[in-house]
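Read off the chains here:
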Amino acid sequence: LIVQYIRRHIGSFCAAIFFLTVEAMADLLQPTFMSHIVDDGVKNMDVRRILSYGVIMFMIALVGAFGAVMRNLFASRTSQTIGKEMRSDMFRKVQNLSLENIDRLQPASIITRITNDVTQVQEFINGCMRIMVKEPITCIGAIVLVIVQTPQQIPVLVVILVAAFGMVAANMRLGYPLFGILQGKLDRLNNVSREFL
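This report concerns the structure included in the present document.

1. Brief notes about the packing of helix H2 (residues 10-42) against helix H3 (residues 47-95)
Relative orientation of the contacting elements H2 and H3 amounts to 160 degrees, with a least axis distance of 7 Å. On the basis of the axis angle, H2 is roughly antiparallel to H3. Here H2 and H3 pass one another in a crossing that is left-handed. Split by residue class, the contact of H2 with H3 holds 24 nonpolar, eight polar and four charged.

Written out as structure tokens, the structure reads:
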């Protein structure tokens, strides 16, 4: 369902992914040049080299900042537009439902779907163009840099990755049931609010 909506805005979605990649690459390059400053500049007391690497780092930071701003612009616009379209489509669908179906689905639940659930989808799409794409790019890039630059650190890297994946898995296992409980409580809250109003 989400892919169908993303397809309608594939241009801006891909633009967000492109600028996100630029931002991630800029983040990955900074430590590399910092190591050059320490190893080539500070160690050899070469002020000229320190300044030249500092200028390069500043330029990379500017490119990364530009990428972050453009990514945020495209990601926000895409997710907000998709949210608007989903709400309109859901509202039209509800207008065509029979009274029996509305009673079966419960008005409070329908309100939750149109408001809270669409907001969750919006945030998910926005997150896809930020966290879900940037973090793997950064992670893979960092792993490659460690393997190329300091292969003796590979065992430490493996331990950190295993621990990180374990924590993510535990977080998801605990989080999903709680999210389901939260959705049920939101339905009940909307139902009480509606009856009160």
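2. A word on the side chain of Asn 126
Here Asn 126 shows up in helix H5 (residues 107-128). Sequence-distant contacts of Asn 126, defined by excluding residues within four places in its chain, comprise Ala 75, Ser 76 and Ser 79.

3. Focus: the nonpolar core
Ala 16, Phe 74, Ile 82, Met 86, Ile 125 and Met 129 are the most contacted members of the largest nonpolar core, which has 15 residues in total. Where this core is concerned, the elements lending two or more residues are helix H1 (2-8), H2, H3 and H5. If you tally residues by element for this core, the top one is H3, at five residues. Apart from the residues lying within four places of it in its own chain, the contact partners of Ala 16 are Arg 71, Phe 74, Ala 75 and Met 129. With six residues, the next largest nonpolar core counts Ala 26, Phe 33, Ile 37 and Met 57 among its residues.

4. What about the environment of Pro 155?
Within the secondary structure, Pro 155 is located in helix H7 (residues 154-196). You can call Pro 155 exposed: its relative accessible area is 54%. Distance in space between the C-alpha atoms of Pro 155 and Phe 13 is 37 Å, their sequence separation being 142 residues.

5. Here we look at the packing of aromatic side chains
One pass over the full model with this rule turns up four aromatic pairs. With a centroid separation of 5.9 Å and 85 degrees between ring planes, the pair formed by Phe 19 and Phe 66 is classed as edge-to-face. A residue pair is termed long-range when its members are at least 10 positions apart, and Phe 19 in helix H2 and Phe 66 in helix H3 qualify at 47 residues. Here Phe 19 falls in the buried class, since its relative accessible area comes to 15%.

6. Considerations on a nonpolar patch on the surface
The grouping of Val 55, Phe 58, Met 59 and Leu 62 at the surface amounts to a nonpolar patch, some 410 Å² of accessible area in total. Structurally, the position occupied by Phe 58 is in helix H3. For Phe 58, a relative accessible area of 52% translates into the label exposed.

7. Observations concerning the pattern of salt bridges
Within the structure shown, the criterion is met by four salt bridges. A salt bridge links Glu 85 to Arg 8, with the shortest nitrogen-to-oxygen separation between them at 3.2 Å. Placement of Glu 85 in helix H3 and of Arg 8 in helix H1 is noted, with a sequence separation of 77 residues between them. Residue Glu 85 is classed as buried on the basis of its relative accessible area of 19%. Salt-bridge contacts for Asp 89 lead to Arg 8; the nearest nitrogen and oxygen are separated by 3.9 Å. In this pair, Asp 89 sits in helix H3 while Arg 8 sits in helix H1, placing the two residues 81 residues apart along the sequence. Three or more residues joined by partner-sharing salt bridges are found here, namely Arg 8, Glu 85, Asp 89 and Arg 92.

Each value, and the rule that gives it
Residues numbered from 1 in each chain as written. Predicted model: local features only at pLDDT ≥ 70, side-chain atom pairs only at ≥ 80, totals over all residues. Heavy atoms only, no water. Axes fitted to C-alpha atoms, helices over the stretch in contact; angles between N-to-C directions. Helix = DSSP H or I, 4+ residues; strand = E, 2+ residues; numbered from the N terminus. Parallel < 35°, antiparallel > 145°, perpendicular 65-115°, else oblique. Left-handed = near helix turned anticlockwise from the far one by under 90°. Nonpolar A, V, L, I, M, F, W, Y, C, P; charged D, E, K, R; others polar. Contact = heavy atoms within 4.5 Å. Core = buried A, V, L, I, M, F, W, Y, C linked by side-chain atoms within 4.5 Å. Buried < 20%, exposed > 50% of the residue type's maximum accessible area, 1.4 Å probe, protein only. Phe/Tyr/Trp six-rings, centres within 6.5 Å; stacked < 30°, edge-to-face > 60°. Patch = residues over 30% accessible without salt bridge, like charges linked within 9 Å, V, L, I, M, F, W, Y side chains within 5 Å. Areas by Shrake-Rupley, 256 points an atom, 1.4 Å probe, with all protein chains shown as cover. Salt bridge = Lys/Arg side-chain N within 4 Å of Asp/Glu carboxyl O.

The analysis is restricted to geometry; functional conclusions fall outside its scope.
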